[in-house]
Amino acid sequence: MNKINKLLITIDGVRKDRVGFYNKRNIYITPNLSKIAKESVVFNDMFACGTSTAMCFASLFNGQYQKDFQRKNFGDNNNPYKSNIFTDLENRGYKTFICLNKRFEYPLKLINTIGRNTKIWWTGEKNKKNKSIGSLRPLEQVKYISTNLKKIKDPYFLWVHLWGFSAPKKKFTLSTSTDYDARVKEMDEAIGYIFKQFKKNTEMFFFSDHGYALFEKNKWAYGKDAGNLVGSVTNVPTIIYNGKNIGINNNLVSQTNIRKLINNSSEALKLKSEFAYCESRYIEEYDIALAIRYKNFKYIIEYNKRKSQLYDVMTDPDENINLISNKINKLKRDKFGNHPEIKPYIIRYDWAQIEIIYKKLDNIAKNFYDFSSIPNNIKMKNFIKSSKLYFIYKKFFN
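Residues numbered from 1 in each chain as written. Predicted model: local features only at pLDDT ≥ 70, side-chain atom pairs only at ≥ 80, totals over all residues. Heavy atoms only, no water.

## Brief notes about the side chain of Asn79
Thinking step 1. You can see Asn79 is positioned in the loop between α2 (53-62) and α3 (85-91).
Thinking step 2. In terms of polar contacts, Asn79 uses its side chain to reach the backbone amide nitrogen of Tyr81, at 2.9 Å.
Thinking step 3. Polar contacts involving the side chain of Asn79 include one to the side chain of Thr113, which spans 3.2 Å.
Thinking step 4. What Asn79 contacts, discounting residues up to four positions off in sequence, is Asn62, Phe69, Arg71, Asn112 and Thr113. (Helix = DSSP H or I, 4+ residues; strand = E, 2+ residues; numbered from the N terminus. Polar contact = N/O pair within 3.5 Å; in protein donor to acceptor, adjacent residues only side chain to side chain. Contact = heavy atoms within 4.5 Å.)

Here it is in structure tokens:
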């Protein structure tokens, strides 16, 4: 039986709401992805495993969360795992390739997850003064891939990350009002091209590593702020095309399942996770935070601030109502339909269940990392960094 080729096309920091299939108002930004989605399996509740690019790819290629990699600080690239998606496919007779702009050399070093015989195709060059000149643009990059893959006679798996260019082309800025959307639109053009080239004989996996905050809850971008675990960052667009399965997977799915999906795309509609975690820092970083998804609930904890939040993402998708906040009154109606006249309030009928879920997720969060392994001198430094006095000092004397 002939093996089908596999292409993993990832797009850096694209919000789920910018993909027209998820948000019809934005079909004009991503017409190609939106069209591809109609022929594919679309994941409606894929939860990012990390808020930085290196974190995400190391975890999803290995199918493990970062806490298990024994990485302590940003810059660490320890990887105790010998197998990953590249070695899985090499063992099945695939040739494996990676195509990245040269500016991605350091992130790939941090990811530290490739196959034994993976060939890396570097495109562009390092150019600190002009990112666009130093990198192939998305369409140029996929055309490069198309030319080279047509020379490969063995079954292959290739990962390409559309990242590295800076200013979008003028034709995209003329059709949308923001630079961010113009960049997304340019990446969508490249996706449309590669899909047309390889649709007949290739499985294709399209997703973003993480999302991008545009000032929801005063959060911006991703990764730079450890507490930036808003939905626009943790909820990622994911589309799987295999020429057979079509539909929507509405289950909660952790991004660490991408390895399983690439190995066996026929499971796409069935896949689900009981829990899903999004990490934002390594264990010895002072501002470490974590998001946990369970059923319809999302729990966020910022360990150094001793601050936590709980949201019902089914009834509150924008995560506005912190169900464990002491600033809202949690009410139920009595048998006559009345409730106490205290404001502000939220009336729900499951407060007892919410309290159980809160305790469950809080306990999981507090035991997710082994903080006892952190040396005392590091704990002291982190304590100082977490204090308000430290930030005042940094503001005036740094």
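## Some remarks on the environment of Ile9
Thinking step 1. Following the sequence through the fold, Ile9 ends up in strand β1 (residues 5-11).
Thinking step 2. The spatial distance from the C-alpha of Ile9 to the C-alpha of Ile321 is 35 Å, given a sequence separation of 312 residues.
Thinking step 3. What Ile9 contacts, discounting residues up to four positions off in sequence, is Val160, Leu162, Ile191, Ile194, Met204, Phe205, Phe206 and Phe207.

## Describing the packing of helix α6 (residues 138-149) against helix α8 (residues 179-198)
Thinking step 1. Two elements in contact, α6 and α8, have axes whose closest approach is 8 Å; the angle formed by their N-to-C orientations is 20°. Considering their axes alone, α6 and α8 lie roughly parallel with respect to each other. Judged by the twist between their axes, the crossing of α6 over α8 is right-handed. Counting all contacts with α6, which are made through Pro138, Leu139, Val142, Lys143, Ile145, Ser146 and Leu149, the residues of α8 involved are Glu186, Met187, Glu189, Ala190, Tyr193, Ile194, Gln197 and Phe198. (Axes fitted to C-alpha atoms, helices over the stretch in contact; angles between N-to-C directions. Parallel < 35°, antiparallel > 145°, perpendicular 65-115°, else oblique. Left-handed = near helix turned anticlockwise from the far one by under 90°.)

## Concerning the pattern of salt bridges
Thinking step 1. Within this structure, the stated rule accounts for 20 salt bridges.
Thinking step 2. Of the charged contacts in the structure, one is a salt bridge between Asp17 and Arg15, with a shortest N-O distance of 2.8 Å.
Thinking step 3. By relative accessible area, which is 27% here, Asp17 ends up partly exposed.
Thinking step 4. A salt bridge links Arg18 to Asp181; the shortest N-O distance between them is 2.6 Å. One end of the pair, Arg18, is in the loop between β1 and α1 (31-37); the other, Asp181, is in helix α8, with 163 residues separating them in the sequence. Judged on exposure class, the residue Arg18 and its partner Asp181 are both buried.
Thinking step 5. Among the ionic contacts, a cluster of salt bridges with common partners joins Arg15, Asp17, Arg18, Asp181 and Glu216. (Salt bridge = Lys/Arg side-chain N within 4 Å of Asp/Glu carboxyl O. Buried < 20%, exposed > 50% of the residue type's maximum accessible area, 1.4 Å probe, protein only.)

## Points about empty space enclosed by the protein
Thinking step 1. Inspection of the entire model under this criterion finds one cavity of 30 Å³ or more.
Thinking step 2. Put simply, the largest cavity is a space of about 40 Å³.
Thinking step 3. Taken together, Ile11, Val19, Leu33, Phe206, Phe207, Pro237, Thr238 and Ile239 form the lining of the largest cavity.
Thinking step 4. Elements with a minimum of two residues in the lining of the largest cavity: β7 (202-208) and β10 (238-241).
Thinking step 5. Of the residues that constitute the lining of the largest cavity, the class distribution is seven nonpolar, one polar and no charged. (1 Å grid on protein atoms, 1.4 Å probe; cavity = no way out; pocket = protein on both sides within 12 Å on 5 of 7 lines; lining within 4 Å. Points joined across faces, edges and corners; volume = space filled by probe spheres on them. Nonpolar A, V, L, I, M, F, W, Y, C, P; charged D, E, K, R; others polar.)

## Structural notes on the pairing of strand β6 (residues 156-162)
Thinking step 1. Most of β6 is tucked away: seven of the seven residues are buried.
Thinking step 2. Neither face of β6 is open: one carries Tyr156, Leu158, Val160 and Leu162, the other Phe157, Trp159 and His161, and all of them are buried.
Thinking step 3. Pairing of β1 with β6 involves six bridges; the strand directions are parallel. Looking across to β6, one finds that Ile9 is bridged to Val160.
Thinking step 4. Here strand β4 (residues 95-101) runs beside β6; their pairing, made up of five bridges, is parallel. Residue pairing for β6: Phe97 is matched across the bridge by Leu158. (Pairing = 2+ DSSP bridges.)

## What to know about the sheet that holds strand β14 (residues 289-294)
Thinking step 1. Pairing is antiparallel across the open sheet formed by four strands, whose spatial order is β13-β14-β15-β16. Whereas interior strands pair on both sides, the edge strands pair on one side only; in this sheet they are β13 (275-279) and β16 (307-312). Adjacent strand axes in the sheet meet at a mean angle of 15° when their direction is disregarded.
Thinking step 2. Across five bridges, the pairing between β13 and β14 is antiparallel. Residue Cys278 lies in a different strand from β14, and its bridge partner there is Ala291.

## Remarks on the layout of surface pockets
Thinking step 1. In this structure, the largest pocket occupies an estimated 980 Å³ of space.
Thinking step 2. Contributing to the lining of the largest pocket are 35 residues, with Asp12, Thr53, Trp163, Tyr222 and Lys224 lying nearest its centre.
Thinking step 3. Elements with a minimum of two residues in the lining of the largest pocket: α2, α4 (105-111), α8 and β9 (220-221).
Thinking step 4. No other element matches α8, which puts five residues into the lining of the largest pocket.
Thinking step 5. By residue class, the composition of the lining of the largest pocket is 19 nonpolar, eight polar and eight charged.

## Observations regarding the nonpolar core
Thinking step 1. Phe61, Trp159 and Leu290 are the most contacted members of the largest nonpolar core, which has 68 residues in total.
Thinking step 2. Filtering out sequence-adjacent residues up to four positions away, Phe61 remains in contact with Leu8, Asn84, Ile85, Phe86, Ile111, Thr113, Trp159 and Arg259.
Thinking step 3. Counting residues in each nonpolar core, the second largest holds 37 residues, with Leu7, Val19, Leu149 and Val160 among its members. (Core = buried A, V, L, I, M, F, W, Y, C linked by side-chain atoms within 4.5 Å.)

## Details of the side chain of Glu186
Thinking step 1. Mapped onto the secondary structure, Glu186 falls in helix α8.
Thinking step 2. Of note is the side chain of Glu186, whose polar atom sits 3.0 Å from the backbone nitrogen of Lys169.
Thinking step 3. Leave out the neighbours within four places in its chain, and Glu186 touches Arg137, Pro138, Phe165, Pro168, Lys169 and Phe172.

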